[in-house]
Each structure stands twice: as C-alpha cells, then as structure tokens.
Amino acid sequence: MLIDFFKHKTECNHEHLRSDLDECYCPDCGALVKNKWYMVRCSCCNIKRKAISGYDIKPESKFCPNCGSSDFYVQELDDINFTDINYAVLKRVVIPQNLCAANQIWIEKDNGLLTENKLLELRK
Ligand SMILES: [Zn+2]
Ligand SMILES: [Zn+2]
C-alpha cells in the first residue's frame, strides 16, 4: 500500500520524449510536454556560456572565461541551431490541458455570469 503510494508520487522525467519536436506527448506518462531550450550569457560581455541544468539553469563555470564576471542571464531560445546546441540546455515543461469543455461551463456558472455556454445549457 505504502509502496504504491510512493510509486504514484514519483514524477515522470519524460526521458523517452523526443527532443527534436517542439512539443509532443510523453510515451511514459501521457503528458503534453514542450521542449524549451535555454542559453546562458554573460551579463558583462554578452558571450554565450555553456549552461548546465539542475534545479535551475546556470553556467557550467563560475566565472566568464572572456571577462571574468560572475554575472549571467538566462535567455530562452525560440529555435535551436547546431552552434547553440553545445551551449544550450533543454528543459521539459508540462503543458496543462483542459480535460473537457464541461469544466468551463461549471466555472462560468460559479461566477454567476450568463454566458453563451450557460444559455445553451438552459435550453437543453
Ligand atoms: Zn512523462
Ligand atoms: Zn563576460
């Protein structure tokens, strides 16, 4: 029983997900996951610094090899290319999905708004 509970709690890390697609469904857990690429740049001289991904995204080395600064910023990439892939890190973000349209009707009813959806419901 307890083991089952912990099994359930284990989050899928979507390791079998394709990374060549912008977004797709994880074959292990069925979640819609978006592949997001991030790059770290030096705040001082703006060069690309090799990023590592852990709990958050940060540069691999503490100081910039070009100017010695420890300041950096994280940039989100729209597209990944062959040059940037050596620097960038991939983060997988689960996109929450609307389970069904009926949920929306309920929310609108709770707000007491007379919307088109509610009217359609009343006519039934
Ligand atoms: Zn998964
Ligand atoms: Zn620098």
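Definitions and limits used
Residues numbered from 1 in each chain as written. Chains lettered and ligands numbered in written order. Predicted model: local features only at pLDDT ≥ 70, side-chain atom pairs only at ≥ 80, totals over all residues. Helix = DSSP H or I, 4+ residues; strand = E, 2+ residues; numbered from the N terminus. Buried ≥ 20, exposed ≤ 12 C-beta atoms within 10 Å, placed from the backbone. Contact = placed C-beta atoms within 7 Å. Core = buried A, V, L, I, M, F, W, Y, C linked by C-beta atoms within 7 Å. pLDDT = per-residue confidence, 0-100.

Undergrad: So what's going on with the overall build of the protein? Which residues, and what values?
TA: Within the protein, the secondary structure is distributed over 3 helices and 7 strands. Listed by position from the N terminus, the elements making up the protein come as α-β-β-β-β-β-β-β-α-α. When the 124 residues of the protein are sorted by exposure, 10% land in the buried category. The contacts in the protein between residues at least 6 apart in sequence include a share of 46% that link residues at least 24 apart.

Undergrad: Break down the nonpolar core for me, citing the residues and quoting the values.
TA: A general trend in soluble globular proteins is that nonpolar side chains are found buried together. By size, the foremost hydrophobic cluster in this structure holds 6 residues: Trp 37, Met 39, Val 40, Ala 51, Ala 88 and Val 89. Per-element accounting of this core gives the leading share, 3 residues, to strand S2 (residues 32-42). Discounting chain neighbours no more than four positions away, the residues touching Ala 88 are Trp 37, Tyr 38, Met 39, Ala 51, Leu 77 and Ile 80.

Undergrad: Residue-level account of the confidence of the model for the protein, with values.
TA: Of the residues in the protein, 70% have a pLDDT of 70 or more, and the chain-wide mean is 80. Across the protein, strand S3 (residues 48-49) holds the top mean pLDDT of 96, while helix H2 (residues 102-110) sits lowest at 49.

Undergrad: Outline unusual backbone geometry, supporting the account with residue identities and numerical values.
TA: Even without being a glycine, His 14 presents a positive backbone phi close to 50°. Topologically, His 14 is positioned in the loop between helix H1 (2-9) and strand S1 (23-25). We classify His 14 as buried; it has 20 C-beta atoms within 10 Å.

Undergrad: If you had to explain the environment of Gly 68 to someone new, which residues and values would you point to?
TA: Structurally, Gly 68 is set in the loop between strand S5 (57-59) and strand S6 (72-77). Residue Gly 68 is classed as exposed on the basis of its C-beta count, with 10 C-beta atoms lying within 10 Å. Sequence spacing of Gly 68 and Cys 44 is 24 residues, and the spatial spacing of their C-alpha atoms is 8.9 Å.

Undergrad: Describe the environment of Tyr 73, with residues and values.
TA: Structurally, Tyr 73 can be placed in strand S6. The spacing of Tyr 73 and Pro 59 is 14 residues in sequence and 9.1 Å in space, taken between C-alpha atoms. Filtering out sequence-adjacent residues up to four positions away, Tyr 73 remains in contact with Arg 41 and Ser 43.

Undergrad: Which residues make up the environment of Ser 70, and what values do they have?
TA: Mapped onto the elements of the fold, Ser 70 is located in the loop between S5 and S6. On the basis of neighbour count, Ser 70 is assigned to the exposed category, with 12 C-beta atoms found within 10 Å. In this structure Ser 70 touches Lys 62 and Phe 63, once residues within four positions along its chain are discounted.

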